[in-house]
Amino acid sequence: MIHFEEMKLDENSPIYLQIIDFIKGGLAAGTIVYGDELPSRRMLSALLGINPNTVQKAYAMLEAEALIRSHTGAKSCISASPQKIAEIKAEEGGRRAVQTLKAAGYSKAEAIAMIERYWDAEDRRESET
């Protein structure tokens, strides 16, 4: 069972997106894996002190992204494919890179130029091997 006790809600983004980000972050980190069960919608809403419809919205969106599978009368569980998890890891890495570059004071144009330099350098390194 996925433990949401570690999840800290903030007021800066909608709660349903925070639930989705928590699941994606766990998938990227490997702390949430294929087959893990999610708490019921009622249980999670009680744990977080939120409306059950908020949990329903998050679960529906996770299902639409093929990250979880739900069956009527049964528990929802993680069903993300290895390819989907790799995509999530890339998204998380990209998000962290953007946050780091912004915090360091780089403009979007400067950050893109830096990424292009490193991308090209990596291509050259790969072609030499």
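A brief look at the structure comes next.

Another point: the overall build of the protein. The helix and strand tally for the protein stands at 5 helices and 2 strands. Secondary structure elements of the protein occur, N-terminal to C-terminal, as α-α-α-β-β-α-α. For 129 residues, the compact-globule estimate of 2.2 N^0.38 gives 14 Å, and the protein exceeds it by more than 25% at 18 Å. Dimensions of the protein, computed from the C-alpha atoms along their principal axes, are close to 55 × 35 × 20 Å. Contacts in the protein between residues far apart in sequence, at least 24 positions, make up 56% of those at least 6 positions apart. Carbon together with sulfur atoms contributes 54% to the accessible area of the protein, which is approximately 8600 Å² in total.

On to the nonpolar core. Judged by nonpolar contacts, the single largest core of 25 residues is most densely connected at Ile2, Phe4, Ile19, Ile23, Leu27 and Ile78. Mapped onto this core, the elements with two or more residues apiece are α1 (15-29), α2 (41-48), α3 (52-64) and α4 (82-103). If one sorts the elements of this core by residue count, α1 sits on top with 7 residues.

Okay, the environment of Ile68 next. Structurally, the position occupied by Ile68 is in strand β1 (residues 68-69). Considered as a pair, Ile68 and Ala111 are 43 residues apart in the sequence and their alpha carbons are 34 Å apart. When sequence neighbours within four positions are dropped, the list of residues in contact with Ile68 reads Leu38, Tyr59, Leu62, Glu63, Ser76, Cys77, Ile78 and Ser79.

One way to put it is that α1 packs onto α3 with a least axis distance of 8 Å and a crossing angle of 45°. Judged by the inter-axis angle, α1 sits oblique to α3. Of the two possible hands of crossing, α1 and α3 adopt the one that is right-handed. From α1, Ile15, Tyr16, Ile19, Ile20 and Ile23 reach across to α3, where they touch Thr54, Val55, Lys57, Ala58, Met61 and Leu62. For the contact of α1 with α3, the per-class residue count stands at 9 nonpolar, 1 polar and 1 charged.

Next up on the list: the pattern of salt bridges. Tallied over the full model, the rule gives 4 salt bridges. Where Glu87 meets Lys84, a salt bridge forms, and the shortest distance between an N and an O atom there is 3.8 Å. Pair noted here: Glu87 and Lys84 are both in helix α4, with a separation of 3 residues, about one helical turn. On the basis of relative accessible area, Lys84 is assigned to the partly exposed category, the value being 22%. Between Arg125 and Glu122 there is a salt bridge, and its shortest N-O distance comes to 2.7 Å. Residue Arg125 and its partner Glu122 are both found in helix α5 (residues 108-128); the two are separated by 3 residues, about one turn of the helix. Overall, the relative accessible area of 30% leaves Glu122 in the partly exposed class.

Contact pair α2 / α3: the axes reach a minimum separation of 8 Å and the direction vectors enclose 120°. Taken together, the axes of α2 and α3 are oblique relative to one another. Here α2 and α3 pass one another in a crossing that is right-handed. Across from Arg41, Leu44 and Ser45 in α2, the residues of α3 making contact are Pro52, Val55, Gln56 and Tyr59. Residue composition of the contact of α2 with α3, by class: 4 nonpolar, 2 polar and 1 charged.

What counts as what
Residues numbered from 1 in each chain as written. Predicted model: local features only at pLDDT ≥ 70, side-chain atom pairs only at ≥ 80, totals over all residues. Heavy atoms only, no water. Helix = DSSP H or I, 4+ residues; strand = E, 2+ residues; numbered from the N terminus. Rg over C-alpha atoms; globule rule 2.2 N^0.38 Å. Contact = heavy atoms within 4.5 Å. Areas by Shrake-Rupley, 256 points an atom, 1.4 Å probe, with all protein chains shown as cover. Core = buried A, V, L, I, M, F, W, Y, C linked by side-chain atoms within 4.5 Å. Buried < 20%, exposed > 50% of the residue type's maximum accessible area, 1.4 Å probe, protein only. Axes fitted to C-alpha atoms, helices over the stretch in contact; angles between N-to-C directions. Parallel < 35°, antiparallel > 145°, perpendicular 65-115°, else oblique. Left-handed = near helix turned anticlockwise from the far one by under 90°. Nonpolar A, V, L, I, M, F, W, Y, C, P; charged D, E, K, R; others polar. Salt bridge = Lys/Arg side-chain N within 4 Å of Asp/Glu carboxyl O.

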